[in-house]
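Descriptive analysis of the structure
Single-letter residue listing:
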Amino acid sequence: MWCPNCKEPLLVLEFEGIELDYCDACRGVWLDPDEVAMVFGNGGWQKALHVAPGEVLKRESGKACPRCRTTMHKRLAGEKHPITTDLCPRGHGLWLDGGELGALIEQSHSDPVFQRLSTWLGNMLQPAKAIS
């Protein structure tokens, strides 16, 4: 699969049975429906895509789903600090730009497993530090 942002190939990362398709160039993450359910638990789609009030005001063009190439729909996710996400209209999955998955997990879970996942994501998906 290819990144909908920068067209680079996506890498597969795994954490406790959850596979994330990850772009090393822009730090974005693709989640298939099963992965959304694993990350966000029962009612995964509803938790991940809690629609915040107001319209999505984003000036970027629609991104193509990495599975079917259909233009994805913008959706707000997260109750405390809404994040603009990209959702495949055919149900193939959810695209989150760099840092957004960790932010959504922190907003939606207090369970220690999810906090570990959020910490792992924070460490794994941050830009590399320059070596002096």
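Shown above is the structure to which this text applies.
Residues numbered from 1 in each chain as written. Predicted model: local features only at pLDDT ≥ 70, side-chain atom pairs only at ≥ 80, totals over all residues. Heavy atoms only, no water.

1. Remarks on the side chain of Asp21
Which entries qualify depends on this criterion: Helix numbering and strand numbering both begin at the N terminus, where a helix is a DSSP run of H or I of at least 4 residues and a strand a DSSP run of E of at least 2. Summary of the burial criterion: residues with accessible area below 20% of their type's maximum are buried, those above 50% are exposed, and those between are partly exposed, where the area comes from a 1.4 Å probe applied to protein chains only. Residues scored as positive are Lys and Arg, those scored as negative are Asp and Glu, and His as well as the terminal groups of each chain are ignored. Basic side-chain nitrogens of Lys or Arg form a salt bridge, by our definition, when they fall within 4 Å of a carboxyl oxygen of Asp or Glu. The contact criterion used is simple: two residues touch if any of their non-hydrogen atoms lie within 4.5 Å.
Residue position: Asp21 is located in strand β2 (residues 18–22). For the buried Asp21, no salt bridge exists, and the shortest N-O distance to an oppositely charged side chain is 4.3 Å, to Arg67. Once residues within four sequence positions are removed from consideration, Asp21 is found in contact with Met1, Leu10, Leu11, Val12, Gly28, Val29, Trp30, Asp32, Glu35 and Arg67.

2. Regarding the side chain of Glu35
Within the secondary structure layout, Glu35 lies in helix α1 (residues 33–40). It is Arg67 that comes nearest to the buried, bridge-free Glu35 among opposite-charge side chains, at 6.0 Å. Aside from chain neighbours lying at most four places away, what touches Glu35 is Glu19, Asp21 and Trp30.

3. What about the pairing of strand β5 (residues 83–87)?
For the record, the criterion: Strands qualify as paired when DSSP identifies two bridges or more between them.
Counting buried positions over the 5 residues of β5 gives 5, a clear majority of the element. Relative to β5, strand β4 (residues 73–77) runs antiparallel, the two being bridged by 5 bridges. Bridge assignment links Leu76 to a residue of β5, and that residue is Thr84. Note that β5 and strand β6 (residues 94–96) share 2 bridges and pair antiparallel. Within the sheet, the bridge partner assigned to Asp86 lies in β6 and is Trp95. Where β5 hands over to β6, the hairpin turn is made up of 6 residues, of which Gly91 adopts a positive phi near 80°.

4. Concerning the environment of Asp86
Keep this limit in mind: Polar contact is the term for a pair of N or O atoms within 3.5 Å; when the atoms are in protein, one must be able to donate a hydrogen and the other to accept it, and sequence-neighboring residues count only if both atoms are side-chain atoms.
As for its position among the elements, Asp86 is in strand β5. Assessed through its relative accessible area of 1%, Asp86 is described here as buried. Along the primary structure Asp86 and Thr71 are separated by 15 residues, whereas in three dimensions their C-alpha atoms are 9.1 Å apart. At a separation of 3.3 Å, a polar atom in the side chain of Asp86 contacts the side chain of Lys63.

5. Structural notes on the sheet that holds β4
What counts here: Lines are fitted to the C-alpha atoms to define the axes, a helix being fitted only along its stretch in contact, and any angle between axes, read from their N-to-C directions, falls within 0 to 180 degrees.
What the 6 strands build is an open sheet, ordered β1-β2-β3-β6-β5-β4; its pairing is antiparallel. This sheet does not close on itself; its edge strands, each paired only once, are β1 (11–15) and β4. With direction set aside, neighbouring strand axes in the sheet form an average angle of 35°. Where α1 meets the sheet, it contacts β2, β3 (29–31) and β6, and its direction lies at approximately 100° from that of β3.

6. Observations concerning unusual backbone geometry
With a phi close to 65°, Lys7 is a non-glycine residue in the positive phi region. Along the chain, Lys7 falls in the segment before β1. Of note in the backbone geometry, Arg27 takes a positive phi value of approximately 70° without being a glycine. Among the structural elements, Arg27 can be located in the loop between β2 and β3. Relative accessible area serves as the criterion here: at 15%, Arg27 is assigned to the buried category.

7. Focus on the nonpolar core
Quick reminder of the rule: Among the buried residues, those of types Ala, Val, Leu, Ile, Met, Phe, Trp, Tyr and Cys that are joined through side-chain atoms within 4.5 Å form a nonpolar core.
One finds Leu31, Phe40 and Leu101 to be the most contacted residues of the largest nonpolar core, which totals 17 residues. Among the secondary structure elements, those contributing two or more residues to this core are β2, β3, α1, β5, β6 and α3 (100–108). Core analysis: the second largest hydrophobic core is formed by 9 residues, Leu10, Trp30, Cys68 and Met72 among them.

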